[in-house]
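For reference, the chains in residue letters:
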Amino acid sequence: MTLSAQLIPAYLSLPLAVLMALTCAACLWSANWRALKQVPSRGHLLFGGAIACLTLWLMSFSVIEGVRVHFLGVTALTLVLGWRFAIVAGSAAVVIYTLAIGESATSIPVSWLLTVAVPATVARWLVHQLRNARSQNLFIYMLGAGFGGGALSSLAATVAAVVVLWLAGQQTMVALALENWPAALLLLFPEGFINGMIVSALTVFYPDLLKTFDDEHYLAG
């Protein structure tokens, strides 16, 4: 989701810019770049994932003036790359995407928060919760982390967007969003389906490509 820079005041965009810079710096510093060099296919996934997300985001549409909506795909990106590399790849993609659609660079931090940071964090949190669950059924990962993670990430990004608009003083847009909340639910199933389909296919055919897939946990016995 992309919010126009005109909707976000400086007192909100500046802290988000600092948060984005610190998060990206921490991810670049702590990410396992050595493992990326040892396995060239992981590097291909990093660049390919960023391009795939960028392509998906370019198929966006405007629902309200200043608000553009698109599918995320960040859940699958996080399950494949892990949280740190998903933030790195997603951040690069969101910068290119924002400039490609003609938005001001000042809208990048809020777009990063809604499109990358929130979905990736929710997806990683859900994977952790499912891994701690008693059930070790493989479908818990494919459907729970893939389909469920995609739908939950989309819902979290929508709620975060409403909160950001409220903090920005856009009360009219908040009221309009709350009045038309069922429309947001229309994005949950397709978002879940896209991510669930990708994660399920990779789990079955290429489980070694999924950073967050623990075969000893889900395939034990």
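One can find the structure itself at the top, above this paragraph.
Residues numbered from 1 in each chain as written. Predicted model: local features only at pLDDT ≥ 70, side-chain atom pairs only at ≥ 80, totals over all residues. Heavy atoms only, no water.

Looking at the pairing of strand E2 (residues 61-64)
The test is simple: For two strands to count as paired, DSSP must find a minimum of two bridges between them. Strands are runs of DSSP state E lasting at least two residues, helices are runs of H or I lasting at least four, and both sets are numbered from the N terminus onward.
Looking at chain direction, E2 and strand E3 (residues 67-69) are connected through 3 bridges and run antiparallel. Paired with Ser 62 across the bridge in E3 is Arg 68. Hairpin remark: E2 followed by E3, antiparallel, with 2 residues in the connecting loop; positive phi at Gly 66, about 95°.

So, helix H7 (residues 138-167)
Selection rule: To estimate how far a helix should extend, the number of its residues minus one is multiplied by 1.5 Å. What we call the bend at a residue is the angle made by axes fitted to the seven residues finishing there and the seven residues starting there.
Helix length check: H7 (30 residues) gives 41 Å between terminal C-alpha atoms against 44 Å at 1.5 Å per residue, within 8%. Taken as a whole, H7 carries its principal kink of about 40° at Gly 149. In the segment just after H7, Gly 169 is the residue with positive phi, at about 80°.

Observations concerning the packing of aromatic side chains
Let me state the cut-off plainly: Only the six-membered ring of Trp is used, alongside the rings of Phe and Tyr, when aromatic pairs are assigned; centres must lie within 6.5 Å, and planes under 30 degrees apart are stacked while those over 60 apart are edge-to-face, with the rest tilted. Burial classes follow relative accessibility: with a 1.4 Å probe on protein chains only, a residue under 20% of its type's maximum area counts as buried, one over 50% as exposed, and anything between as partly exposed.
Scanning the model with the defined rule gives 5 aromatic pairs in all. Relative to Phe 193, the ring of Phe 189 has its centre 6.3 Å away and its plane inclined at 20°; by these criteria the two rings are stacked. With Phe 189 and Phe 193 both in helix H10 (residues 188-205), this residue pair falls 4 residues apart, about one helical turn. On the basis of relative accessible area, Phe 193 is assigned to the partly exposed category, the value being 44%. One aromatic cluster is present, built from ring pairs that chain together Phe 147, Phe 189 and Phe 193.

Looking at the nonpolar core
Quick reminder of the rule: In plain words, nonpolar cores are sets of buried Ala, Val, Leu, Ile, Met, Phe, Trp, Tyr and Cys residues tied together by side-chain atoms within 4.5 Å. Whether two residues are in contact is decided by their heavy atoms, any of which lying within 4.5 Å being enough.
Membership of the largest hydrophobic core comes to 65 residues, with the highest contact counts inside it found for Trp 57, Trp 112 and Leu 114. Trp 57 has contacts with His 70, Phe 71, Leu 72, Val 74, Gly 90, Ala 93, Val 94, Tyr 97, Thr 115 and Val 116, leaving out every residue within four places of it along the chain.

What to know about the environment of Leu 7
Of note, Leu 7 is situated in the loop between strand E1 (2-3) and helix H1 (10-30). With 189 residues separating them along the chain, Leu 7 and Gly 196 place their C-alpha atoms 33 Å apart.

Details of the packing of helix H4 (residues 74-81) against helix H5 (residues 83-100)
To be explicit about the condition: Here an angle of 0 to 180 degrees is reported between the N-to-C directions of two axes, which are lines fitted to C-alpha atoms, with helices fitted over the stretch in contact. Every angle not falling under 35 degrees, over 145, or within 65 to 115 is termed oblique; those three ranges are roughly parallel, roughly antiparallel and roughly perpendicular. For any helix crossing, the convention is left-handed if the near helix is rotated counterclockwise from the far helix by under a right angle, and right-handed if that rotation is clockwise. Just so you know the grouping, Ala, Val, Leu, Ile, Met, Phe, Trp, Tyr, Cys and Pro go in nonpolar, Asp, Glu, Lys and Arg go in charged, and all remaining residues, Gly too, go in polar.
Interhelical geometry of H4 versus H5 gives an angle of 130° and a closest axis separation of 7 Å. Classified by the interaxial angle, the pair formed by H4 and H5 is oblique. Seen along the crossing, H4 lies across H5 with a hand that is right-handed. In contact with Leu 77, Thr 78 and Leu 81 of H4, H5 contributes Trp 83, Phe 85, Ala 86, Ala 89 and Gly 90. A class-by-class count of the residues in the contact of H4 with H5 yields 6 nonpolar, 2 polar and no charged.

Quick look at helix H6 (residues 108-131)
Taking 1.5 Å per residue, 24 residues should reach 34 Å; H6 reaches 33 Å between its end C-alpha atoms and fits that length. Roughly 30° is the biggest bend found in H6, and it falls at Leu 114. With 18 of its 24 residues buried, H6 lies for the most part within the structure.

So, a nonpolar patch on the surface
Let me state the cut-off plainly: Candidates for patches are residues over 30% relative accessible area with no salt bridge; among them, like charges are joined within 9 Å and nonpolar side chains (Val, Leu, Ile, Met, Phe, Trp, Tyr) within 5 Å. Here the accessible surface of atoms and residues is derived via Shrake-Rupley with a 1.4 Å probe, and residues count as covered only by protein chains that are part of the display. By definition here, a salt bridge exists when the distance from a side-chain nitrogen of Lys or Arg to a carboxyl oxygen of Asp or Glu is within 4 Å.
On the surface, Trp 125, Leu 152, Leu 155, Val 159, Val 163, Trp 166, Leu 167, Trp 181 and Leu 185 cluster together into a nonpolar patch covering about 880 Å² of accessible area. A relative accessible area of 36% places Leu 155 in the partly exposed class.

Focus: the environment of Ala 168
Summarising the element assignment, Ala 168 is placed in the loop between H7 and helix H8 (171-179). For Ala 168, a relative accessible area of 10% translates into the label buried. When the C-alpha atoms of Ala 168 and Leu 45 are compared, they prove to be 36 Å apart, with 123 residues separating the residues in sequence. Leaving out residues up to four positions away in the same chain, Ala 168 has contacts with Leu 7, Ile 8, Pro 9, Tyr 11 and Leu 12.

Examining the packing of H5 against H6
Axis separation between H5 and H6 bottoms out at 9 Å; the angle between their running directions is 155°. Classified by the angle their axes make, H5 and H6 are roughly antiparallel. Here H5 runs over H6; the crossing is right-handed. Along its contact with H5, which presents Trp 83, Ala 86, Ile 87, Gly 90, Ser 91, Val 94, Val 95 and Thr 98, the element H6 presents Ile 108, Ser 111, Trp 112, Thr 115, Val 116, Ala 117, Ala 120, Thr 121 and Arg 124. Across the contact of H5 with H6, the residue classes tally to 10 nonpolar, 6 polar and 1 charged.

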